[in-house]
Structures are given as structure tokens and as C-alpha cells.
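Given next are the chains, with one letter for each unit.
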Amino acid sequence: MATKVVDLRSDTVTKPSEAMRAAMAAADVDDDVLGADPTACRFEAEMARIMGKEAALFVPSGTMANLISVLAHCDARGSEVILGDDSHVHVYEHGGISTLGGVHPRTVPNNPDGTMDVDRIVAAIRSTDGALYYPTTRLICLENTHGNSGGKCLTVEYTDKVGEVAKAHGLKLHIDGARIFNASVALGVPVDRLVRAADSVSVCLSKGIGAPVGSVIVGSKAFIQKAKILRKTLGGGMRQVGVLCAAAEVGVRDTLGKLADDHRKAKVLADGLKKIKHFTVDLTSVETNMVFFDMADPRITPAKLCQALKQRSVLAMPTSSKSVRFVVHYQISDGDIQYALTCIEEAVEEILACDAKSERCSTNGTS
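Quick caveat: nothing in here was measured; it's all calculated off a predicted structure.

A few points about the UniProt feature "domain: Aromatic amino acid beta-eliminating lyase/threonine aldolase" (unreviewed entry) in the protein
Link 1 in the chain: In this numbering, the UniProt entry assigns the feature "domain: Aromatic amino acid beta-eliminating lyase/threonine aldolase" (unreviewed entry) to residues 7-295.
Link 2 in the chain: As annotated, residues 7-295 has a helix share of 40% and a strand share of 17%, and its two end C-alpha atoms lie 20 Å apart.

Structure (C-alpha cells):
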């Protein structure tokens, strides 16, 4: 029998459940590019309702969702978007807003909690007096939860405040809400209230929700109509896409209620890591389903640790030269957490033993 793999690389690694596979096989479909796929239409309407917006659009990926949203709001080349310097849109999406849209990013430092200082956002807005020289500010982007900050949640009060700034300056507000439901659950705030200030939100379906493919964009009917055209332009128009929407429907129905348990298990994992003296973990930073921890012993590197864990069928990802990230999802059990912690302890012992052996060999060789 094959050893079970405990995959903590990301919450994107989940496999479709049996219920999802059954729903995909039975999905009522038609041509979605022609607006005729009944499953897609039903799912988009439901997501718009859940998010408190007028309309929604299914797209192949979160990167496309954010790209479409930025291009829809910044529909003149030379527009500028204010966003965090450590945000997913800025760091991990291949500069698509500039490459494909001619949109200029103006970064503001992300704080450790994922926010940007509001006064710095205001200071970054271009004055119309400099229109001859500067790009035109049209959009502010937030990310909730904030991935590079460890899955931190942006509060509704903060989001509302940024929304007020955007409105006062005639700008739009987009939220990269790839894990917005994690934020909603952790904060205890209904998701529609959490994003009320936003003009658009992207929601990933293949992370915590557990669907195999896709994201949705939500916003006004006029915005979604622009988004639909951009989706087609970018090659994201798909035909019988109800097959994919059917799986996402099951995820929204069955998996959202499990997010709180993902967060609990992440805290258990962090607490276990804290007890290993060779690591440093900030327990207060674990707000959702992500755990970041640093190597406190220079003999242990993220690459060595992840390689030793892989040999024990535990998968993880280094995030820097001294840090590793674990991400919990609904297909990780309490038993998996305990198994992972046991393997981590064994991996540390193995790495230190190998280091000691190498040192002895080196000493013997030079004596």
C-alpha cells in the first residue's frame, strides 16, 4: 500500500472530492461564451449573492481574476494602481498588469499584518497638478488574507477606511480575496460585510474551498460586463465550463464550514513547532491556515528540512533562505498534523547527525 502523502505545500493541492467528481459528471452544461451554460450561470449568481455584489464571473485562475479586475478599472494605458510591495499581484503575477495592460504599479510598504498605512496610501495618490508628468491614479488594491504576511486578516474597519479614501479621491478599490473566506471565518465577519467597500473582489475557488480549478470575480453588472470582454481577450472564455463550476458549487457548499477547523489545526501545528528548539515561531501570527517558521539553527536550512521531510512523505515549501511555510487545508487531518510533527523532529535529528558526521570527517581529514 502506498504511503499517504501529507501535502502542506499549499491549499491549492487538494484533490476533488467524490461529491465534486459526481457533480462534474452530472453537470448540466452549454456554451458559456454564449452565456448559455446553466450551471455556470447559477453558480455565478450564487457567488454574487454570497459576496453581496450585483454580478459574478467565473475565470480560469486567480492571476487572471486580478489581471482582469485591474484592467477593467484601469482602462486607459498609463493608469496607476496603488498596491502593497509584498502583495501577490505585485510579486507573483508576472507583472501582467504592466506587460498586458500598460498599468503602472505604485507600491506602498506592507506592514507585518498585511495592511498598508492609510496615510501612505493617501500620499501615493497622484495630484492632478502633475498630470503632465505622472501616471493617473485610478485604483487601490488590497489582499485579504495577506499571503506573504502569513495569512493575516485585514479587518473590516481597515477595509472600510481604505474604501473611504478611494471614494474621496474618485478611485476604485479591488480586493484580491483569494482567501477572503478564511478572513471572514477568522474575523467572525460575514464575507459580504467584509468586502462591502470594494468595487471588485477576486475569490479563489481552488484554495481553501477545494475546487480543482478557477476563481470568480464579483462586482457591479457594468464592471462584470467589462470583465467578460477582457476574459475573452485574455483567452479565458471557456465553453462547457459548468463542469468546473459544478465542482466549485460543491466546495462552497461543503468546504466553507471546514475553514475554522483548518485554522485550528494550523494553530496545533504551530504550537508543535514552537516546542522544537531549533525553530522560531510566532504563535500570535497564525490567524488562518498558514504557518511560517524560521530556522534558529544555522545547520538546518529550509532546503535540507524540506528534502528530509519529502523522504518521509511530508511536503513543504521553503519561502526564503531561513523560512518554511506550511499551509493547512481540509484534506489534512489531525493525525496528519501529528505525523508531520513527528517527521519534523526526525528530520531535524537526521540533519544534525549528518552535520556532526561531516564535521568529524572534516576534522579527521585535516589532523
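Picking up after the structure, the text goes on.
Details of the packing of helix α1 (residues 18-26) against helix α11 (residues 242-254)
Angle between the axes and distance between the axes are the two parameters that describe a pair of packed helices.
Link 1 in the chain: Packing of α1 against α11 leaves a shortest axis separation of 8 Å and a crossing angle of 145°. Like other packed secondary-structure pairs, α1 and α11 cross with a definite hand, here right-handed. Contacts between α1 and α11 involve Ala 19, Met 20, Ala 23 and Met 24 from the first element and Val 243, Leu 244, Ala 246, Ala 247, Val 250, Gly 251, Arg 253 and Asp 254 from the second.

Observations concerning the sheet that holds strand β12 (residues 317-318)
Link 1 in the chain: Spatially, 4 strands are ordered β9-β10-β13-β12 in an open sheet, and the strand pairing comes out antiparallel. Two strands lie at the open edges of the sheet, namely β9 (279-280) and β12, each paired on one side alone.
Link 2 in the chain: Helix α12 (residues 259-274) rests against β9, β10 (290-295) and β13 (323-327) of the sheet, and its axis sits at about 15° to β10.
Link 3 in the chain: Its contacts with the sheet place helix α13 (residues 302-310) against β9, β10, β12 and β13, and it is angled at close to 40° to β13.

Quick word on the side chain of Ser 206
Link 1 in the chain: Along the polypeptide, Ser 206 turns up in the loop between β7 (200-204) and β8 (215-219).
Link 2 in the chain: You can call Ser 206 buried: its relative accessible area is 15%.
Link 3 in the chain: Leaving out residues up to four positions away in the same chain, Ser 206 has contacts with Asp 11, Thr 12, Ala 211, Pro 212, Val 213 and Gly 214.

Some words on the pairing of β10
Link 1 in the chain: Bridging between β9 and β10 involves 2 bridges; their strand directions are antiparallel. What sits directly across from Thr 280, in β10, is Asp 294.
Link 2 in the chain: When β10 meets β13, the two strands line up antiparallel, connected through 5 bridges. Within β13, the residue paired with Phe 292 across the bridge is Arg 325.

As for a nonpolar patch on the surface
Link 1 in the chain: A grouping of Leu 132, Tyr 133 and Tyr 134 is seen on the molecular surface, where their side chains present a nonpolar patch of about 440 Å² in accessible area.
Link 2 in the chain: Inspection of the secondary structure puts Leu 132 in the loop between α6 (118-124) and β5 (136-143).

Considerations on the domain arrangement of the protein
Link 1 in the chain: According to the domain assignment, the protein consists of domain 1 (18-255) and domain 2 (258-359).
Link 2 in the chain: Taking only C-alpha atoms, the centre of domain 1 and the centre of domain 2 are 31 Å apart.
Link 3 in the chain: With 16 residues of domain 1 at the interface, the matching set in domain 2 holds 11 residues.
Link 4 in the chain: Across the interface of domain 1 and domain 2, roughly 1,300 Å² is buried in total on both sides, 59% from carbon and sulfur atoms.
Link 5 in the chain: Among the residues forming the side of domain 1 that touches domain 2, the class breakdown is 5 nonpolar, 8 polar and 3 charged.

About the cut-offs
- Throughout this description, residue numbers start from 1 for each chain and increase along the sequence as written.
- Reporting of local features is limited, given that this is a predicted model, to residues whose pLDDT is at least 70; pairs of side-chain atoms are given and counted only at 80 or more, and all residues count toward the totals for whole chains, interfaces and linings.
- Where side-chain values are given, they derive from all heavy atoms of the structure, hydrogens and water being excluded.
- UniProt positions are given in the numbering used here, feature names are shortened, and annotations may be inferred rather than shown by experiment.
- Numbering of helices and strands starts at the N terminus; helices are DSSP runs of H or I of at least 4 residues and strands are runs of E of at least 2.
- Helix axes are fitted to C-alpha atoms over the stretch in contact, other axes to C-alpha atoms as well, and angles between N-to-C directions run from 0 to 180 degrees.
- Handedness of each helix crossing follows the sense of rotation of the near helix against the far helix: counterclockwise by less than a right angle gives left-handed, clockwise gives right-handed.
- Residues are treated as being in contact if the distance between any of their heavy atoms lies within 4.5 Å.
- Only strands joined by at least two bridges in the DSSP assignment are considered to pair.
- When accessible area is computed with a 1.4 Å probe and restricted to protein chains, residues below 20% of their type maximum are described as buried, those above 50% as exposed, and intermediate ones as partly exposed.
- Each patch groups residues whose relative accessible area exceeds 30% and which form no salt bridge, using 9 Å between like charges and 5 Å between nonpolar side chains of Val, Leu, Ile, Met, Phe, Trp and Tyr.
- All accessible-area figures derive from a Shrake-Rupley calculation using a 1.4 Å probe, and residue coverage is judged against the displayed protein chains alone.
- We count a salt bridge whenever a side-chain nitrogen from Lys or Arg sits within 4 Å of a carboxyl oxygen from Asp or Glu.
- In this document the domain limits rely on a domain assignment from an automatic tool or a database.
- Here the quantity called buried area is the total loss of accessible area, with a 1.4 Å probe, experienced by two parts when brought into contact, counted for both.
- Nonpolar residues are Ala, Val, Leu, Ile, Met, Phe, Trp, Tyr, Cys and Pro. Charged residues are Asp, Glu, Lys and Arg, and all others, Gly as well, are polar.

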